[in-house]
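# Summary of the model geometry
The lines below spell out each chain.
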Amino acid sequence: MLNLTFVNQYIANLPSDNLTENYPRQVEHAAYSVATPIKVAKPQLIAFNEDVANMLDFSFDDYTPAELAEVLTGNNLTESMQPYAMCYGGHQFGNWAGQLGDGRAINLGDVLTENYGHKTIQLKGAGPTPYSRTADGLAVLRSSIREFLCSEAMYHLNVPTTRALSLCLTGDKVRRDMFYDGNAKYELGAVVCRVSSSFTRFGSMQLAANRGDGALLQAQAQYCIKADFAHLLVNSDNQEQEFSAEVYANWFEEICQRTCKLVVDWMRIGFVHGVLNTDNMSILGETIDFGPYGWVDDFDPNWTPNTTDAQGKRYRFGAQAQVCRWNLCQLANAIYPLIKDAKPLQKCIDDFTDNYQQQWAEMMTEKLGFEQYIESSDQAIFTQLENLLASVETDMTLFYRKLASFNVTVESAAESQIPAKAQAATNDKLAHFHDCYYQPEQLTAEYQNNLNLWLTSYSDRLLSQNKSDIEGFDNNARIKKMNAVNPKYVLRNYLAQQAIDKAEQGDFSEIHTLQKILQHPYDEQPEFEQYAQKRPEWARNKAGCSMLSCSS
Ligand code: AMP
Ligand code: MG
């Protein structure tokens, strides 16, 4: 059953916990513990991802849904699987939390794929492990739907991410106090099968370092580099090279670069991770651990979807780069013993800030449809735009699509210079962006003036890059370019919640519909226009649609 051959290179290369019993404990000198998924009552496959199956070299059609459900909940372990839970620590909300580990994730093993290298297959919600502490190791349907849909949405938005193969109900009930208010209730249990080349986190290195376990730190770093950064072991003369301080420093540099790209992408699409603890930071720079994440509906750099973070807002939308830099500093501290020189590490951290600014500016350049970034003019345009977007409740996703379809003409730039025509032109502009606003009463004369001014400088800027042929400014080419980086369809929180509400009543159709739409986030999909609308007012303060707890 499930004809995949697991090669299990992770456990073959890293030290194991000596104990094999499954009870909560501190696990030292080991990268993982053996752990077996618990048997579930009535596995049922409710969503499947053919794309990921193909990546793993099998097809949905090769099996019955019942067969797949048995394997993808962990009920049926195939012969070559050697399930394990990973040991790691982390900083949670800025404080060192000690050992955390896979408390409810169990890796079935690693496979070597034909075209995509090695992949680890992990079940989330498969039962307790030595890292479960006082919790049950299980996951509920609502959070599993959110992870299944969101990781795939990310992938199709061209954002680095772990993938999701399947979503199954377990048939078991799971008790959760969703609002942490003493009203626990039973919910449907579920398991997501997720896939990545590596589930190693910043916290994997941190725990070994914190315990002064240099041997484990080195083993984990070396395995990580060999498995996923092998190009760093080849020098400029194409010769294989040994591990050295330089190799480790290059490794850190690449982790910084990947993390930088990741945050720039999140900012581009309006994604807020919500729990950027160092145990939720992938060493590969992928989006990992989809908990109380959210998409900004109205553009608000101070917004966090996570109720646990409502006070300090450590993980708010606009602070993600800063907090990832802080997380990288913790990783730098952890791997320092491998390099024994702070300078190269410090340089990478300093470069992170510069690289982020540069890449963020390039990303904004693309979002706005400029041909290239011109610092002297464009920084002001970006800042003014962000102020404009935040000054009234403006839907970020809709605004950028509307901006693309805003017709930039020589007239529009010139018209705004003639006072008599200014108000009529402003009215047209407001009408063009009308759908983006949540509270039309906020559109004061001052706002209208600011919008007008900004659109004028935007138009001028676009026309100036086309000096030789102002009359022939190609709006269509600009629209195409802008729409390739500004998504039309994102997993708005209320859309996920609607799929959850239906699924909890036994109707999984909305999961499948969203799965289909989110495969083409940048395309016009006229039949799904209603999924590209701004958040409806009923969802403004509804649980799951605006804020979420960590309970999952
Ligand atoms: P998270 O915030 O979801 O990344 O989880 C933080 C830590 O708590 C990780 O070590 C998880 O494995 C663990 N954890 C979260 N939920 C559960 C659960 N239901 N059972 C056991 N461990 C859990
Ligand atoms: Mg986590």
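Each remark here, short or long, concerns the structure printed above.
Quick summary incoming for the structure in this document.

Surrounding the magnesium ion (ligand 2) are the protein donor atoms N280 (OD1) and D289 (OD), at 1.9 to 2.2 Å. Residue class for N280 comes out buried when judged on its relative accessible area of 10%.

Here we take up the packing of aromatic side chains. Tallying each qualifying case throughout the model produces 25 aromatic pairs. Residues F93 and Y315 carry aromatic rings whose centres are separated by 5.2 Å and whose planes lie at 40 degrees to one another, so their mutual orientation is tilted. Taken together, the positions of F93 in the loop between β4 (89–92) and β5 (95–99) and Y315 in the loop between β11 (294–295) and α8 (320–339) put the pair 222 residues apart, joining distant regions of the chain. Taking the relative accessible area as the measure of exposure, F93 reaches 27% and is therefore partly exposed. Take Y315: its relative accessible area is 1%, and that puts it in the buried class. Ring centres 4.9 Å apart and planes at 20 degrees place the aromatic pair F399 and F433 in the stacked group. Taken together, the residues span a long stretch of sequence, with F399 in helix α11 (residues 396–405) and F433 in helix α13 (residues 419–433) at a distance of 34 residues. Of the residues examined, F399 reaches a relative accessible area of 0% and is grouped as buried. Each member of the aromatic cluster is reached from another via a ring pair, and the members are W266, F271, F290, Y293 and W295. Its guanidinium or amino end placed over the ring of W326, R314 lies 4.7 Å from that ring's centre, counting from NZ or CZ. In this structure, R535 is placed above the aromatic ring of Y438, and the distance from its NZ or CZ to the ring centre is 4.6 Å.

The next thing to look at is the site of ligand 1. Taken together, the neighbourhood of ligand 1 is formed by 16 residues, with G101, G103, R133, G137 and N280 sitting nearest. In this structure, G137 approaches ligand 1 through a main-chain N or O atom, which is 2.8 Å from a nitrogen atom. At a separation of 2.9 Å, an oxygen atom of ligand 1 approaches a polar side-chain atom of N280. Relative to its unbound accessible surface of 490 Å², ligand 1 loses 80% to contact with the protein.

Turning our eyes to something else, we now look at the nonpolar core. Grouped together as the largest cluster of nonpolar side chains are 137 residues, with contacts concentrated most on M205, W251, F252, W295, I335, L368 and I511. The greatest single-element share of this core, amounting to 14 residues, is contributed by helix α7 (residues 245–269). With residues up to four places along the chain from it excluded, the contact list for M205 reads T200, L217, Q220, A221, C224, W251, I283, L331, A334 and I335.

What follows covers helix α3 (residues 65–72). Within α3 the residues assigned to the buried category are L68, A69, V71 and L72. The buried residues of α3 all sit within an arc of 165 degrees when viewed along its axis, so they share a single face. In this fold, the buried residues of α3 make contact with β2 (44–48), β6 (105–112), β7 (118–124), β8 (163–176) and β9 (185–196). Just beyond α3, the residue with positive phi is G74, at close to 90 degrees.

Cut-offs used in this document
Residues numbered from 1 in each chain as written. Chains lettered and ligands numbered in written order. Predicted model: local features only at pLDDT ≥ 70, side-chain atom pairs only at ≥ 80, totals over all residues. Heavy atoms only, no water. Donors = N, O, S within 2.8 Å, 3.2 Å for Na, K, Ca; no water. Buried < 20%, exposed > 50% of the residue type's maximum accessible area, 1.4 Å probe, protein only. Phe/Tyr/Trp six-rings, centres within 6.5 Å; stacked < 30°, edge-to-face > 60°. Helix = DSSP H or I, 4+ residues; strand = E, 2+ residues; numbered from the N terminus. Lys NZ or Arg CZ within 6 Å of the ring centre and 35° of its normal. Near = heavy atom within 4 Å. Polar contact = N/O pair within 3.5 Å; in protein donor to acceptor, adjacent residues only side chain to side chain. Areas by Shrake-Rupley, 256 points an atom, 1.4 Å probe, with all protein chains shown as cover. Core = buried A, V, L, I, M, F, W, Y, C linked by side-chain atoms within 4.5 Å. Contact = heavy atoms within 4.5 Å. Arc of directions from axis to C-beta.

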